[in-house]
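Structure assessment
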Amino acid sequence: MNLHEYQARDILKRYGIPVPDGDVAQTPAEARAIAQRLGGKVVVKAQVHAGGRGKAGGVKLAAQPDEAAAHASRILGMTIKGLTVHKVLVAPATDIASESYVGIIVDRGSQAPVLMVSDAGGIDIEEVARTTPERIYRLAIDPRYGLLPHQGLGLALRLYRDVAQARSAAAIMANLYAAFYAVGASLAEINPLAATPDGRVLALDAKIVIDDNELGRHPEIAALRDSSAEAPSEVQAREAGLTFVKLDGSVGCCVNGAGLAMATMDLVKYYGGAPANFLDIGGSSNPRKVVDALRIITTDPHVKAILFNIFGGITRGDDVANGIVQATRQFPLTVPLVIRLTGTNEAEAVRILTQAGFSALTDMDEAVRQAVARAAA
Amino acid sequence: MSVFIDLETRLLVQGITGRDGSFHTRQMLAYGTKVVAGVTPGKGGQRFDGVVPVFDTVADGARETRANTTVIYVPAALAASAIYEAADAGIGLIVCITEGIPVLDMTKVLPYLHERGARLIGPNCPGLISPTQSKVGIIPGNICTPGRVGVVSRSGTLTYEIVHQLSTNGFGQSTCIGIGGDPLIGTNFIHCLAAFQADPATDAVVMIGEIGGTDEQQAAEFVQQGMTKPVIGFIAGQTAPPGRRMGHAGAIISGSAGTAAEKMAAFARAGISVMKRPADVVPLLRERV
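Only a predicted model underlies this, so the values are computations on that prediction, with no experimental measurement involved.

Some words on the overall build of chain A
Across its full length, chain A carries 13 helices and 18 strands. C-alpha extents for chain A along the principal axes are approximately 80 × 50 × 40 Å. Taking all 377 residues of chain A together, 49% fall into the buried category. Within chain A, contacts between residues separated by at least 24 positions form 69% of all contacts whose residues are at least 6 apart in sequence.

This is the structure:
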């Protein structure tokens with residue numbers, strides 16, 4: 001789950017990391033009031049789950065409150081990478097002497113949290129990694145001992161020659177590491193970490209991604225979810241306990257298991273079609289999930305055919321068949337349905353489907369070919 | 001022969017009286033797996049289905065029954081603790097089926113296991129099966145046949161699909177291993193490839209990867225440098241968009257890294273026969289064995 005910048009800033013602040021003052025606004029009037037309270041020059045920043053906000057015109061400087069309101073009215077409602085901006089952050093514009101990068105991820109290779117720092121701050125870290133990888137310093141942290149003081153200071157001295165500044169940066173790294181574990185993050189980054197002309201070191205922008213598996217034990221973090229930043233069908237799917245990712249094609253896919261769901265999408269493409277979605281109904285045998293899945297797929301007007309690909313293991317074929325029959329009784333389908341079903345309770349499933357007027361295939365390739373042809377017809 | 005599990009496997013089930021644990025314990029017993037013990041705290045002294053003794057702790061169960069392998073079906077919130085408990089009881093092979101363990105928990109679990117010399121398969125995996133000898137986990141026994149092809153995969157049902165194609169075309173399996181769909185797992189492709197290379201009962205390996213991470217690329221290097229047996233590879237997620245998690249917690253293209261194209265190219269460079277679709281497995285195997 002992605003957090004907005006203003007939410008990530010709040011977490012950093014709570015863990016003792018210096019962050020400039022500021023507040024979030026949903027209307028131009030609110031933006032004006034915040035700018036007034038802050039005094040001086042402010043920055044108005046779109047709060048949206050997308051990179052490249054500056055380039056898209058979602059970050060603007062304002063010399064006085066009326067200008068902040070004007071910027072806010074332009075940015076609110078703006079679309080950045082397909083996402084509508086509903087909130088802006090208004091913060092004091094900070095004078096910057098230098099910009100660095102500090103981030104923590106869980107590294108799959110070393111199976112440990114890795115602290116990354118770079119003196120090339122303010123730009124996308126992937127870009128730095130591509131063009132000047134020698135400017136990124138990495139340290140795998142042993143989670144049993146955490147970030148040791150000399151490790152943090154050693155990295156901080158790569159960023160700052162001034163020892164006082166390096167000590168501030170090392171403290172920020174230690175606090176970021178503490179926050180990382182405390183909130184259950186899979187990524188936490190400060191970019192830029194700025195040094196001001198008067199020698200202070202502070203976090204000007206923050207990004208935190210939470211591991212979805214942590215949300216159960218962190219209800220206060222789960223409550224930060226902004227559903228307006230997601231496709232409505234994806235919100236609906238999550239509430240129904242389904243894993244769903246919306247795509248642009250015309251073949252709706254309903255599959256059991258994530259790997260098979262991906263392979264099914266790939267096979268749709270292999271036969272010249274385009275998948276409309278990724279959808280995993282999971283391992284359980286609940287007809288209800290099939291009904292929910294079909295409801296979500298059929299709300300997409302681009303779907304021209306629906307493909308079921310079920311390999312019964314724990315998932316029972318007869319449960320899926322019952323789900324299909326129930327769903328099509330509740331809301332008759334307007335697009336063709338191609339069903340591939342094999343494995344556990346296959347015979348019973350075929351009987352249920354045949355009785356309801358559907359036919360079922362057992363071969364995956366044949367089913368995908370048919371679905372692609374139907375979608376194109 | 002086979003890898004990791006065989007006729008010597010003496011299995012303990014953590015969470016044996018739970019919904020999933022009891023269902024799959026019956027399946028494993030029916031398959032012929034030697035299920036020697038179960039653990040559910042507070043239910044020590046009972047017998048599961050009148051057959052399998054239930055203990056309060058893994059330590060009790062392992063001591064009384066000489067269990068050498070455990071399979072974990074407990075809910076995500078308790079699963080990391082169940083892994084620690086199994087390692088403390090001296091169990092050498094720990095198979096964790098549970099999905100949803102926080103990655104940060106795994107950053108602490110994995111070094112703990114490493115220090116105690118225990119092997120973890122999973123989490124978030126279907127387990128493994130050595131056909132006719134032992135089944136540990138949830139892979140349906142009826143789709144597998146005994147034979148000489150090793151299968152290792154990050155997926156569940158996609159593995160069943162490919163194993164089904166193998167079985168119906170005369171390619172039986174030595175062992176099928178689901179290593180799990182999480183970003184941090186105990187046993188990776190390389191561990192399994194090395195075991196299959198060393199196993200005299202395995203002639204060829206089918207490796208089923210997916211988008212996210214670089215495990216497949218490292219496995220490709222291992223195949224190039226350390227394997228003489230033919231390897232057939234598949235990567236799921238060729239049509240997956242970047243930055244989106246495709247069901248498995250580990251199946252995500254981060255920035256431009258971890259794409260299917262990159263992994264398939266690494267396979268091809270290493271001399272691995274690359275399947276474009278699941279149905280290619282049998283023709284490619286026929287070419288190589």
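Some details on the nonpolar core
Soluble, globular proteins show a tendency: their nonpolar side chains are buried together. Among the nonpolar cores identified, the biggest contains 157 residues, and L279 of chain A together with I72, I83 and I94 of chain B are the most heavily contacted of them. A total of eight residues in this core trace back to one element, the largest contributor, which is helix α9 (residues 258-270) of chain A. Leaving out residues up to four positions away in the same chain, I94 of chain B has contacts with T70, I72, I83, A86, A87, A118, R119 and L120 of chain B. One finds A8, Y101, A166 and I208 of chain A within the second-largest nonpolar core, a separate group that totals 41 residues.

Observations regarding the domain arrangement of chain A
For chain A, the assigned domains read domain 1 (21-92), domain 2 (98-222) and domain 3 (231-376). For domain 2 of chain A versus domain 3 of chain A, the separation of C-alpha centres amounts to 43 Å.

Remarks on the interface of chain A and chain B
By a widely used convention, the size of an interface equals the accessible area lost when the partners come together. Opposite the 43 residues of chain A that make contact, chain B presents 43 residues. For the side of chain A that touches chain B, the elements supplying multiple residues, two or more each, are β8 (112-118), β13 (243-246), α9, β15 (277-280) and α13 (364-376) of chain A. It is α9 of chain A that contributes the most residues to the side of chain A that touches chain B, 11 residues altogether. A class-by-class count of the residues in the side of chain A that touches chain B yields 20 nonpolar, 13 polar and 10 charged.

Looking at the environment of I80 of chain A
Residue and element names in this part refer to chain A. For I80, the position within the fold is in strand β4 (residues 79-80). A tally of 19 C-beta atoms within 10 Å means that I80 is categorised as partly exposed. Contact partners of I80, with chain neighbours within four places excluded, come to A46, V48, A50, R53, A56, G58 and V85.

Some thoughts on the sheet that holds strand β1 (residues 23-25) of chain A
Residues and elements named next belong to chain A. On the basis of which strands lie adjacent, the open sheet formed by four strands has the order β1-β6-β2-β3 and antiparallel pairing. Edge positions in the sheet fall to β1 and β3 (59-62), since each has one partner strand and no second. Between one strand and the next, the sheet's axes are offset by a mean angle of 25°, whatever the strand orientation. Looking at chain direction, strand β2 (residues 42-46) and strand β6 (residues 88-92) are connected through five bridges and run antiparallel. What sits directly across from A46, in β6, is V88. Lying over the sheet, helix α3 (residues 65-75) contacts β1, β2, β3 and β6, oriented at roughly 10° with respect to β2.

Focus: unusual backbone geometry
Here the residue pair N191 of chain A and P192 of chain A is connected by a cis peptide bond, since its omega of 10° sits within 30 degrees of zero. On the secondary structure map, P192 of chain A appears in strand β10 (residues 185-195). In the segment running from G122 of chain B into P123 of chain B, the intervening peptide bond is cis, with an omega of 5°. Residue position: P123 of chain B is located in the loop between β7 (119-121) and β8 (127-130). Look at K81 of chain A: it is not a glycine, yet its phi comes out positive at around 50°. Here K81 of chain A lies in the loop between β4 and β5 (83-84). Not every positive phi belongs to a glycine, and T132 of chain B is a case in point at roughly 70°. Along the chain, the position of T132 of chain B falls in the loop between β8 and β9 (134-137).

Notes on the sheet that holds strand β13 (residues 231-236) of chain B
All names here are of chain B. Here seven strands make up an open sheet; going across it, the order is β9-β8-β11-β10-β12-β13-β14 and the pairing mixed. Whereas interior strands pair on both sides, the edge strands pair on one side only; in this sheet they are β9 and β14 (273-274). When β13 meets β14, the two strands line up parallel, connected through two bridges. Looking at the pairing, G233 lines up with V274 of β14.

Points about the domain arrangement of chain B
Residues and elements named next belong to chain B. One can read the domain layout of chain B as domain 1 (11-121) and domain 2 (139-288). Centre-to-centre, using C-alpha coordinates, domain 1 lies 26 Å away from domain 2. The partner domain 2 presents seven residues to the nine residues of domain 1 that form the contact. Looking at the side of domain 1 that touches domain 2, the elements with two or more residues in it are α4 (103-116) and β7. For the side of domain 1 that touches domain 2, the leading source of residues is α4, giving five residues. Of the residues in the side of domain 1 that touches domain 2, the class split is seven nonpolar, one polar and one charged.

Description of helix α10 (residues 287-298) of chain A
For α10 of chain A, spanning 12 residues, the distance from its first C-alpha to its last is 17 Å, which sits close to the expected 16 Å at 1.5 Å a residue. If you follow the buried residues of α10 of chain A, they end up packed against α8 (232-239), β13, β14 (251-255), β15, β16 (305-312) and α11 (317-330) of chain A.

So, the confidence of the model for chain B
On average, chain B scores 96 in pLDDT, and the residues at 70 or more come to 100%. At the level of chain-chain contacts, confidence expressed as ipTM amounts to 0.95, with global pTM at 0.94.

Here's the deal with the packing of α9 of chain A against helix α5 (residues 157-168) of chain B
Two quantities define a packed helix pair, namely the angle between the helix axes and the distance between the axes. Relative to each other, α9 of chain A and α5 of chain B sit at 70°, their axes nearing to 5 Å. Taken together, the axes of α9 of chain A and α5 of chain B are roughly perpendicular relative to one another. On the side of α9 of chain A, the interface is formed by G259, L260 and A263 of chain A, while α5 of chain B contributes T157, L158 and E161 of chain B. In the contact of α9 of chain A with α5 of chain B, the residues fall into three nonpolar, two polar and one charged.

Cut-offs used in this document
Residues numbered from 1 in each chain as written. Chains lettered and ligands numbered in written order. Predicted model: local features only at pLDDT ≥ 70, side-chain atom pairs only at ≥ 80, totals over all residues. Helix = DSSP H or I, 4+ residues; strand = E, 2+ residues; numbered from the N terminus. Buried ≥ 20, exposed ≤ 12 C-beta atoms within 10 Å, placed from the backbone. Contact = placed C-beta atoms within 7 Å. Core = buried A, V, L, I, M, F, W, Y, C linked by C-beta atoms within 7 Å. Domains from an automatic or database assignment. Nonpolar A, V, L, I, M, F, W, Y, C, P; charged D, E, K, R; others polar. Pairing = 2+ DSSP bridges. Axes fitted to C-alpha atoms, helices over the stretch in contact; angles between N-to-C directions. Expected span 1.5 Å × (residues − 1). pLDDT = per-residue confidence, 0-100. Parallel < 35°, antiparallel > 145°, perpendicular 65-115°, else oblique.

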